[in-house]
Each structure stands twice: as C-alpha cells, then as structure tokens.
Amino acid sequence: MSIAVSEIFGPTIQGEGALIGVPTVFVRTGGCDFRCSWCDTLYAVEPRFKADWTPMSADAIMAEVHRLSGGRPLLVTLSGGNPALQPLTKLLELGHAEGYTFAMETQGSKVQDWFALLDHLTLSPKPPSSAMAFNRSRFEACLAAAGSRTQVSLKLVIADEADYQWARALAADYPQLPLTLQPCNPSPATPEQPELETDTASLNARLRWLVDKVTADRWFNARVLPQLHVLIWNNERGV
Ligand code: SF4
C-alpha cells in the first residue's frame, strides 16, 4: 500500500506544539478531509495538487529519512494534510526497528489502529474560525486508539475570542492532556502567494492578546506558543 507524500525535508526543528525545538525530519503526506479557512499547507490539502503528491512505499520513505538524517535515528514528524488518512503501520514498524521515533499531528477526524504505534500524537481539533465542525466522538475514538503508550497532547489554534472560549470549554473536558495554545497565523502563505510575508506585528499582537487572556483567567495548565518556524523562516516551505 502506498503513502501519498507531499514532501520530505529536514533535518530541521519542530516549530510548534509540545515538541517545539526538537530536531526532526518531516514527512508531509498529501490529502486532507478538512479545508480550514486559514490552512497554511493547501499544497498538501487540495485535490488540484494531487499530481504533486508522490505515492511512496514505507521502505522508500524510510530510505529518504535515513539519507536526510545521515542514518542517525531522530524524531520523524508525520504531518499533512491529514496523515491519519494514510496507511502508516509499516512505516512506523520500519522506523522503530532502526531506532527512529515518530510524532504525528492530526485534527482527530479519522481514527486508525496504528495510533498506538506512535510515540507522540498531537490532536489539534479545529476551532470555529476554521469553519470546520468538531466531532467529539471521533476525537475520543482517536484518544482511545492511542492507548496508554503513545504520549498524547492537545494543540488548539486561536484566532479570536470565539476560538478562545471554545478552547477553554474543550480543554476543561480533557484535563489529563498537556495543552498548547497557538495564535493563528494572520497571513498564511497560499499556493497563489507562496512567498507571502508573515505580518509579524499582527502575529505578535495576537500572541500578546492570548498571553493576557490566559494569565487573566489563571489558566495555568495552558502553554502559549507561537509557531517558531514562522518567526524564523517566515512562510517559507520545507524548512
Ligand atoms: S486540518 Fe490541517 S492540513 Fe487540513 S485543512 Fe485544516 S489546517 Fe489544513
């Protein structure tokens, strides 16, 4: 069974969430069951880019990861699109046999048995500003599939007050999950404008607003983080 791959790049660092700053190679899969209003990876989402996605075997992906990492096992980040749409069992087994570890981020709309083979699973259900609906039963099925070995964390993107209130309510239902809040990039690159510069002033303003909200609410189990890669490399792709 082949895996649709949009790009493989690195080593670089993880730019967001619970593993921010950790050296990693990214495997970005192609295809997503969502179309969030502010998606910054449309080239890995929209069917019009399907011709750019390469069907690869698990062996071929691991060979490329191996080449990029110089054969030194490190964290492999599975991103998308929605990587949960792909058959990843063999990739995880091959990588683990060589000492690699795996982290994956998904919105929690698709459940797979192989979630239990991941080392880290970031669930990132989308807030109201995305214009996507939250499906609680699927989210909880993802949690159940991850089991007890996989480290699960919650990452919530916040664009406005409605998102913030939604995040407060959702996170309160899952106090056992480490939580990261991330301000939404106000100027994500699009396929039409791949070189679009991030509006850093607006991003910083959103970050300050979010920090002020969290501290005023004494929401002390929330960690507030920007997307580090956006601050370092702007909207550049594959870094
Ligand atoms: S779930 Fe992620 S990859 Fe899919 S459309 Fe939304 S932001 Fe983009």
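Criteria and cut-off values
Residues numbered from 1 in each chain as written. Predicted model: local features only at pLDDT ≥ 70, side-chain atom pairs only at ≥ 80, totals over all residues. Heavy atoms only, no water. Axes fitted to C-alpha atoms, helices over the stretch in contact; angles between N-to-C directions. Helix = DSSP H or I, 4+ residues; strand = E, 2+ residues; numbered from the N terminus. Parallel < 35°, antiparallel > 145°, perpendicular 65-115°, else oblique. Left-handed = near helix turned anticlockwise from the far one by under 90°. Contact = heavy atoms within 4.5 Å. Nonpolar A, V, L, I, M, F, W, Y, C, P; charged D, E, K, R; others polar. Near = heavy atom within 4 Å. Pairing = 2+ DSSP bridges. Core = buried A, V, L, I, M, F, W, Y, C linked by side-chain atoms within 4.5 Å. Buried < 20%, exposed > 50% of the residue type's maximum accessible area, 1.4 Å probe, protein only. Arc of directions from axis to C-beta. Salt bridge = Lys/Arg side-chain N within 4 Å of Asp/Glu carboxyl O.

Observations regarding the packing of helix 4 (residues 161-173) against helix 5 (residues 200-216)
Geometry of a packed helix pair, given as the angle between the helix axes and the separation of the axes.
Okay, step 1: Taken N-terminus to C-terminus, the directions of helix 4 and helix 5 make an angle of 40°; their axes are 12 Å apart at the nearest point. In terms of their interaxial angle, helix 4 and helix 5 are classed as oblique. Relative to helix 5, the crossing made by helix 4 is right-handed. Seen from helix 4, the contacting residues are E161, Y164 and Q165; seen from helix 5, they are W209, L210, K213 and V214.
Okay, step 2: Along the lines of polarity and charge, the residues of the contact of helix 4 with helix 5 split into four nonpolar, one polar and two charged.

A closer look at the site of the ligand
Okay, step 1: As a structural note, the neighbourhood of the ligand is formed by C32, F34, R35, C36, C39, T41, V45, G81, Q107 and K126.
Okay, step 2: Taken together, the residues that form the shell around the ligand break down as five nonpolar, three polar and two charged.

Observations regarding the sheet that holds strand 8 (residues 179-183)
Okay, step 1: Strand order in the open sheet formed by nine strands is 3-1-2-4-5-6-7-8-9, and the pairing between neighbours is mixed. In this open sheet, the two strands that pair with only one neighbour each are strand 3 (54-56) and strand 9 (222-224). Adjacent strand axes in the sheet meet at a mean angle of 30°, parallel and antiparallel pairs treated alike.
Okay, step 2: Here four bridges tie strand 6 (residues 120-123) to strand 7 (residues 151-158), and the two strands are oriented parallel to one another. Its bridge partner being in strand 7, T122 is matched across the sheet by S153.

Structural notes on the nonpolar core
Okay, step 1: Within the largest apolar cluster, 48 residues are counted, with the highest numbers of intra-cluster contacts made by L78, F115 and L181.
Okay, step 2: Counting residues in each nonpolar core, the second largest holds nine residues, with C36, C39, V45 and V157 among its members.

Thoughts on helix 3 (residues 136-146)
Okay, step 1: Inspection of helix 3 places F139, C142, L143, A145 and A146 among the buried residues, and these make up the whole buried set. Buried residues of helix 3, viewed axially, fall in a sector of 165°; they line one side. With respect to the buried face of helix 3, the exposed residues turned more than 90 degrees away are S137 and A144.
Okay, step 2: Where helix 3 is buried, its residues contact strand 6 and strand 7.
Okay, step 3: Following helix 3 by one or two positions, G147 has its phi on the positive side, about 70°.

Here's the deal with the pattern of salt bridges
Okay, step 1: Applying the stated rule across the entire model yields eleven salt bridges.
Okay, step 2: Note that R35 is salt-bridged to E46, the shortest N-O span being 2.7 Å. Taken together, the residues span a long stretch of sequence, with R35 in the loop between strand 2 (23-29) and strand 3 and E46 in the loop between strand 2 and strand 3 at a distance of eleven residues.
Okay, step 3: R35 gets classed as partly exposed once you look at its relative accessible area, which sits at 38%.
Okay, step 4: Classification of E46 by relative accessible area gives buried; the value is 13%.
Okay, step 5: With its nearest N and O atoms 3.5 Å apart, the salt bridge here joins D119 to R149.

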